[in-house]
Amino acid sequence: MNKGDFPVDWPVDEGIHRVRMRDGRSALLKRRSGMPPSFFESESLGLGMLAEARALRVPEVWSIGHDHLLLEDLGTGTPEKDYASNAGKGLARQHQVRGDTFGLGHDGWCGDSPQDNTPDTQGARFFAQRRLLPQARRAHQSGRLDASDLARVDRLTRRLPDLIPEHPAVLLHGDLWSGNLHCCGNGEPALIDAGAAHFGWAEADLAMLTLFGDPGADFFAAYREHTALDRDWRERAPLYNLYHLLNHLNLFGGAYLAQVQSILRRFTAVSRSSDHSA
């Protein structure tokens, strides 16, 4: 970017600012100091990966530095008539981009939490070793998860191959709560905040979309029209969302503990029953 293209006013305060470029375009400036260089790098790389999929719209990256990310401003509007269907179709197209392994060639960030993306050929092992166990151990070390719950997480991870069918590694947003499925100023759907992008189970993206809301029947009908989706995927959704709930427990505190414990009780009980019947 040429120096003359930078915003007219460059805010010094941290946070997210809407700024006007010298050529008249609107941009979003994210400013944050004290974070590792990979914090904004991972978001820029994630947005680039999603853009290459040519599925859902993502904002262009116009400038990146150690303490900032300058992005195209997509605006905020009212959803178009076929918004949900177009979002489902677009995510299905993105999930058709496959990886040779689970993970990614560089680490990322899920919110303010570092995300280990070390590649693995086995999805269950990747999800256990790179997602659930690091978050659970972190929560235990901080006193937010007791030893018995940590043991349940460990027991659960050993049963993942029995609980989750084999699925290919596909391109995920990775932090796809409802707020990151964004309605642009023209009413079309887009994806934002892509620092957690990696290759993983498609159902994990869908599960998080239902964690703090639900995109609706039209979304899932359109998704199914354009890619395969198991009928019983919602039964597994809590397993995928356990990662995000553990992350929220670590980032925001004990309000998420009850949900974590509920999932652990449900699936470790199933595991014990399965072990006994075998």
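Once a new chain begins, its residue numbering starts again from 1 and follows that chain's sequence as written. Residue-level local features of this predicted model are given only where pLDDT is at least 70; pairs of side-chain atoms are given and counted only at 80 or more, and the full residue set underlies all totals for whole chains, interfaces and linings. Processing note: side-chain calculations cover all non-hydrogen atoms of the structure and skip hydrogens and water entirely.

Peer 1: Can you explain helix α4 (residues 147-163)? Please cite residues and give values.
Peer 2: A rise of 1.5 Å per residue sets the reference length of α4, with its 17 residues, at 24 Å; its end C-alpha atoms lie 23 Å apart and thus fit the reference within 8%. Fitting axes to the seven residues that end at a residue and to the seven that start at it, the angle between those axes gives the bend at that residue. In this text, helices come from DSSP runs of H or I with a minimum length of four residues, and strands from runs of E with a minimum of two, each type numbered from the N-terminal end. The sharpest bend along α4 comes to roughly 35°, located at Thr157, with the proline Pro161 sitting one to four residues further on. Remark: exposure states derive from per-residue accessible area (1.4 Å probe, protein chains only) relative to the maximum for the residue type, with buried under 20%, exposed over 50%, and partly exposed in between. Taken as a whole, α4 has its buried residues at Asp149, Leu150, Val153, Leu156, Thr157, Arg159, Leu160 and Leu163. Working rule for helices: expected span equals 1.5 Å times residues minus one.

Peer 1: Account for the sheet that holds strand β1 (residues 15-20), with residues named and values stated.
Peer 2: Across the sheet, which stays open at both edges, the 4 strands sit in the order β1-β2-β4-β3 with antiparallel pairing between neighbours. Because the sheet does not close on itself, it has two edges, and the strands there are β1 and β3 (61-65). Sheet twist, expressed as the mean angle between neighbouring strand axes with direction ignored, is 15°. Two strands pair under a simple rule: DSSP has to find at least two bridges between them. Pairing of strand β2 (residues 26-31) with strand β4 (residues 68-72) involves 5 bridges; the strand directions are antiparallel. Residue pairing for β4: Ala27 is matched across the bridge by Glu72. Fitted lines through C-alpha atoms serve as axes, helices being fitted only where they are in contact, and the angles separating the N-to-C directions of these axes extend from 0 to 180 degrees.

Peer 1: Quick rundown of the layout of surface pockets? Include the residues and the values.
Peer 2: Estimated volume of the largest pocket: approximately 600 Å³. Think of a 1 Å grid over just the protein atoms. A cavity is a set of points where a 1.4 Å probe fits yet cannot get out, a pocket is an open set with protein on both sides within 12 Å along at least five of seven lines, and lining residues have an atom within 4 Å of a point. Forming the boundary of the largest pocket are 26 residues, of which Phe39, Gly111, Asp112, Asp175 and Asp193 lie nearest the centre. Listing elements by their share of the lining of the largest pocket, those giving two or more residues are β1, β2, α1 (38-52), β5 (108-110) and α7 (233-252). Grid points are joined across faces, edges and corners, and a volume is the space filled by probe spheres set on the points. By volume, the second largest pocket is sized at about 270 Å³. Together, 13 residues line the second largest pocket, and His167, Pro168, Ala202, Thr227 and Ala228 are the ones closest to its centre. Any residue that is not Ala, Val, Leu, Ile, Met, Phe, Trp, Tyr, Cys, Pro, Asp, Glu, Lys or Arg is counted as polar, Gly included; the first ten are nonpolar and the last four charged. Residues belonging to the lining of the second largest pocket are distributed by class as follows: 6 nonpolar, 4 polar and 3 charged.

Peer 1: Give me empty space enclosed by the protein: which residues, what numbers.
Peer 2: For the structure on display, the rule yields 1 cavity of 30 Å³ or more. One number sums up the size of the largest cavity: a volume of about 170 Å³. Taken together, 19 residues form the lining of the largest cavity, with Phe127, Arg131, Leu172, His198 and Ala204 sitting closest to its centre. The set of elements that each furnish at least two residues to the lining of the largest cavity consists of α3 (123-141), β10 (198-200), α5 (202-209) and α7. In terms of residue count, α3 provides more of the lining of the largest cavity than any other element does, 4 residues in total. Considered class by class, the residues forming the lining of the largest cavity number 10 nonpolar, 6 polar and 3 charged.

Peer 1: Account for the packing of aromatic side chains, with residues named and values stated.
Peer 2: The geometry of two aromatic rings is summed up by the distance between their centres and the angle between their planes. Pairing of aromatic rings covers Phe, Tyr and Trp, the last through its six-membered ring, and needs centres within 6.5 Å; plane angles under 30 degrees mean stacked, over 60 mean edge-to-face, and all others mean tilted. In total, this model carries 9 aromatic pairs according to the counting rule given. When the ring of Phe39 is compared with that of Trp109, the centres are 5.3 Å apart and the planes differ by 80°; the resulting orientation is edge-to-face. Here Phe39, found in helix α1, pairs with Trp109, found in strand β5; they are 70 residues apart in sequence, far enough to count as distant. Of the two residues, Phe39 and Trp109, both sit in the buried class. Between Phe219 and Phe220, the aromatic rings sit 5.0 Å apart at their centres with planes inclined by 80°, giving edge-to-face as the arrangement. Using a relative accessible area of 4% as the deciding quantity, one classes Phe220 as buried. Grouping aromatic residues by their ring pairs yields a cluster made of Phe102, Phe126, Phe127, Trp201 and Tyr240. Put simply, a charge is over a ring when the Lys NZ or the Arg CZ is close to the ring centre, within 6 Å, and near the line of the ring normal, within 35 degrees. The lysine or arginine in question, Arg25, covers the ring of Trp62, its NZ or CZ lying 4.0 Å from the ring centre.

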